[in-house]
Amino acid sequence: NLLISLALLQHLPVELRGDVVAVSRFLTNAVGEKVCYGKWGDGNYATGKPANGYRCRSKKSIKRHADKWSHTCHDPSTWHGSSPLLEQHWGLVQSGATGTAVQYCQCFVFSGILTTIGRSLGLATRSVTNFQSAHDVNSDRGVSKFFFSTPEGIWDPVDFPDELCPDWCEKSKKCEGCETALRRGRGFSEKCKACIPCVPCHSRDDSIWSFHVWNEMYFARGKETTNGWQTLDATPQELSNGKFQMGPASVKEVQNGTSDCYDTDFVIGEVNGDIKLYVYNVPDLNEKTKLRAMEKGDFVLHNGDPLFLGFRWYTDPFGDTYNNVGFKIVTKKPGPIAKKCVKNPAKCQMEELDLTRTYKRCPDAQDRQMPFCAAGYRTSKAKCADPGTLSLLEQKEADLLEDTAFTQAGKIHELTGSHVKDVEATFDDFVPKYVEINRDLPLQITFKNRGGEKRKVNIAISAMGMDYRGLPVIHLETRRKKYAMKLPIEGEQTLLQRSILLEPYESQTFEYVVPAENLDEDLLESLEVNAAEGNFFLQFHVSAHVEETGQTFARQPRRRLTESEDDSL
């Protein structure tokens, strides 16, 4: 491992090899470019030849061509240690292969490799897992979510935000100079108002991963505010100064929300990013109606701007603390791994060292209600260059957040509708903790009318298959359209709509049961086949709208789909 680590450093100028910042930053690029080839969810992991890679050889082919032993391909989940992968990488180097990156890797593999290389070079290195990890593509410390809303107050999430950008937006020059407003979702001048339909073009690839794994290294950088643990990430995500590299971002600066060199803002977005909502006005949920709204940019406007209510939420806007960005950040505590953890990964909680409080000012998800808990916005641009270069690091929209929207910790139902908010909704028992195949799925919501007038509540429920990257599971794709895999809730319908009437001071529980035949083996197998790495969950979306007052409640709980104990025997 040391030999391979030193061989990688041959590509770094000699004068920089004594600079720990230069070495660590270089390694994040080298691992992703020369050692590990990333692949997420598309196609087979054992066959084919990716761009700039080698052709995957089968075991039969290896028997005929023993010198090609290093040209095998692997599902990322099958790696159980760094040494075999590094040995295969070295075999590719020795064979003179054009591509020396072993196929294939994902974040947990990239992180494991960087841990091994860092430690072999004498750098204190560890892997870190961030749950509910935001991937912010436009460097604004926020993640955008898009919905359709009907006159009945029904909210329906957009299946594929990447399809929201009208074709003319990327071809037209009339939106030049409007980039800041388009990314913020607010501050549209008269000149830029015609460009409102183009808002999704600037944040449509934002997502929240169920988890993401990166690294920390411990070293001094010359200032008290930047010394100590540094965040680095070898998984290729976003370009930094023209390369796929990330870090070293000081964990102290991340916690303080301070813009600093080496991708600190990106890490702040990953662990503490705000949520931005954009809601399209539609008369109904017909596909043609949705398409027209997207093309026209028919958003629910706030003071002429499309950012819903003018807020950026720094907690989950629907009130689910488990969906807060950076919900939990952990590493392996020092010491050997307990035998029971090795035998059963479900029994590894005692192995966790919780790092949440080192990254977030408000580590307790239940207490993240104060304004200082927010990711905040840049107050200055970090001016610094890559080690060994004279050019400043490229910054996306350096002034992007200098006048950003007010951040908010409240919930949707507290902020929508009139000043009359006399209906309460309880979603604690909306969906069971486990959703089992071939078992009825009971759903329920409890409403209480605390006022003296009747209230009508419109309810909508849907559930979509999502992979661990927070992207919809696709079960069919044509030249023009992708179709997300959704749970049939009522017959073949994937959207359940109901209304209930609440008498004055009445409490009522809405109940519905998804029949067992809608949760069969075919659904499980289809999700396993089509989800990235077979890693998926069902994301429910439930909205409830009080017709008379405009109060809107919503939740987006996630659940694993599992086989029942009886069925697995």
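Fair warning: this is a prediction, and the values are worked out from it, not measured in the lab. (Residues numbered from 1 in each chain as written. Predicted model: local features only at pLDDT ≥ 70, side-chain atom pairs only at ≥ 80, totals over all residues. Heavy atoms only, no water.)

> Just checking my understanding: could you explain empty space enclosed by the protein for this structure?
Over the atoms a probe the size of a water molecule is rolled, and this reveals where empty space is left. Overall, the coordinates contain one cavity of 30 Å³ or more when judged by the stated rule. Taken as a whole, the largest cavity holds about 60 Å³ of empty space. Taken together, the residues that form the lining of the largest cavity break down as three nonpolar, five polar and three charged. (1 Å grid on protein atoms, 1.4 Å probe; cavity = no way out; pocket = protein on both sides within 12 Å on 5 of 7 lines; lining within 4 Å. Points joined across faces, edges and corners; volume = space filled by probe spheres on them. Nonpolar A, V, L, I, M, F, W, Y, C, P; charged D, E, K, R; others polar.)

> Help me understand the environment of His-74, please; the structure alone is not making it clear to me.
As for its placement among the helices and strands, His-74 is situated in the loop between α3 (59–64) and α4 (82–95). The partly exposed category is assigned to His-74, whose relative accessible area is 22%. As a C-alpha pair, His-74 and Asn-44 span 30 residues in sequence and 9.7 Å in three-dimensional space. Excluding anything up to four places from it in sequence, His-74 contacts Tyr-45, Trp-79, Gln-88, Gln-103 and Tyr-104. (Helix = DSSP H or I, 4+ residues; strand = E, 2+ residues; numbered from the N terminus. Buried < 20%, exposed > 50% of the residue type's maximum accessible area, 1.4 Å probe, protein only. Contact = heavy atoms within 4.5 Å.)

> For this particular structure, what's the right way to read the packing of aromatic side chains?
Aromatic ring pairs are described here by two measures, namely the spacing of the ring centres and the angle between the planes. Tallied over the full model, the rule gives 18 aromatic pairs. For the ring pair Phe-147 and Phe-318, a centre distance of 5.7 Å and an interplane angle of 80 degrees mean the geometry is edge-to-face. Here Phe-318 lies in the loop between β12 (311–313) and β13 (328–332) and Phe-147 lies in strand β4 (residues 142–149), a separation of 171 residues in the sequence. Residue Phe-318 is classed as buried on the basis of its relative accessible area, which comes to 0%. Taken together, a centroid distance of 5.1 Å and an interplanar angle of 75 degrees make the contact between Tyr-218 and Trp-229 edge-to-face. Of this pair, Tyr-218 sits in strand β6 (residues 207–219) while Trp-229 sits in strand β7 (residues 228–232), and the two are 11 residues apart along the sequence. Chaining the aromatic ring pairs together yields one cluster made of Phe-146, Phe-148, Tyr-278, Tyr-280 and Phe-299. Looking at Lys-39, its charged tip hangs above the ring of Tyr-104, at a distance of 4.8 Å from the centre. The ring of Trp-168 has Lys-174 lying over it, and the distance from NZ or CZ to the ring centre is 4.6 Å. (Phe/Tyr/Trp six-rings, centres within 6.5 Å; stacked < 30°, edge-to-face > 60°. Lys NZ or Arg CZ within 6 Å of the ring centre and 35° of its normal.)

> Honestly, the nonpolar core in this entry has me stumped. Any pointers?
What tends to happen in soluble globular proteins is that the nonpolar side chains get buried as a cluster. Counting residues in hydrophobic clusters, the biggest one holds 46 residues, and the most contacted among them are Leu-85 and Ile-113. Residue assignment for this core shows that the elements contributing at least two residues are α1 (2–9), α2 (20–35), β1 (36–38), α4, β2 (102–105), α5 (107–120) and β6. Sort the elements by how many residues they give to this core and α2 lands first, with eight residues. Beyond its immediate chain neighbours, meaning those up to four positions away, Leu-85 contacts Val-35, Cys-36, Trp-79, Val-102, Cys-105, Val-109 and Ile-113. Counting residues in hydrophobic clusters, the runner-up holds 37 residues, among them Val-423, Val-435, Leu-441 and Phe-553. (Core = buried A, V, L, I, M, F, W, Y, C linked by side-chain atoms within 4.5 Å.)

> Before we go on, may I ask you to explain the state of the cysteines in this structure?
A covalent bond bridging the sulfur atoms of two cysteines is what the word disulfide describes. All chains considered together, the criterion is met by seven disulfides. Each sulfur in the disulfide pair Cys-165 and Cys-201 lies 2.0 Å from the other. Of note, the bridge from Cys-165 to Cys-201 carries an S-S torsion of about 90 degrees and is right-handed in sense. With a gap of 36 residues between them, Cys-165 in the loop between β5 (155–157) and α6 (179–184) and Cys-201 in the loop between α6 and β6 connect regions that are remote in the sequence. Owing to a relative accessible area of 10%, Cys-165 belongs among the buried residues under this scheme. For Cys-201, a relative accessible area of 19% corresponds to the buried category. Between Cys-178 and Cys-192 runs a disulfide, and the two sulfur atoms are separated by 2.1 Å. In this structure the cystine formed by Cys-178 and Cys-192 twists about its S-S bond by roughly -85 degrees; its chirality is therefore left-handed. Taken together, the residues span a long stretch of sequence, with Cys-178 in the loop between β5 and α6 and Cys-192 in the loop between α6 and β6 at a distance of 14 residues. Summarising the burial analysis for this pair, Cys-178 and Cys-192 share the class buried. (Disulfide = S-S within 2.5 Å.)

> Just checking my understanding: could you explain α1 for this structure?
Within an α-helix, residues lying three or four positions from one another point in the same direction, as the helix has 3.6 residues per turn. When α1 is considered as a whole, its buried residues turn out to be Ile-4, Ser-5, Ala-7, Leu-8 and Leu-9. Contacts made by the buried residues of α1 are with α2, α4 and α5.

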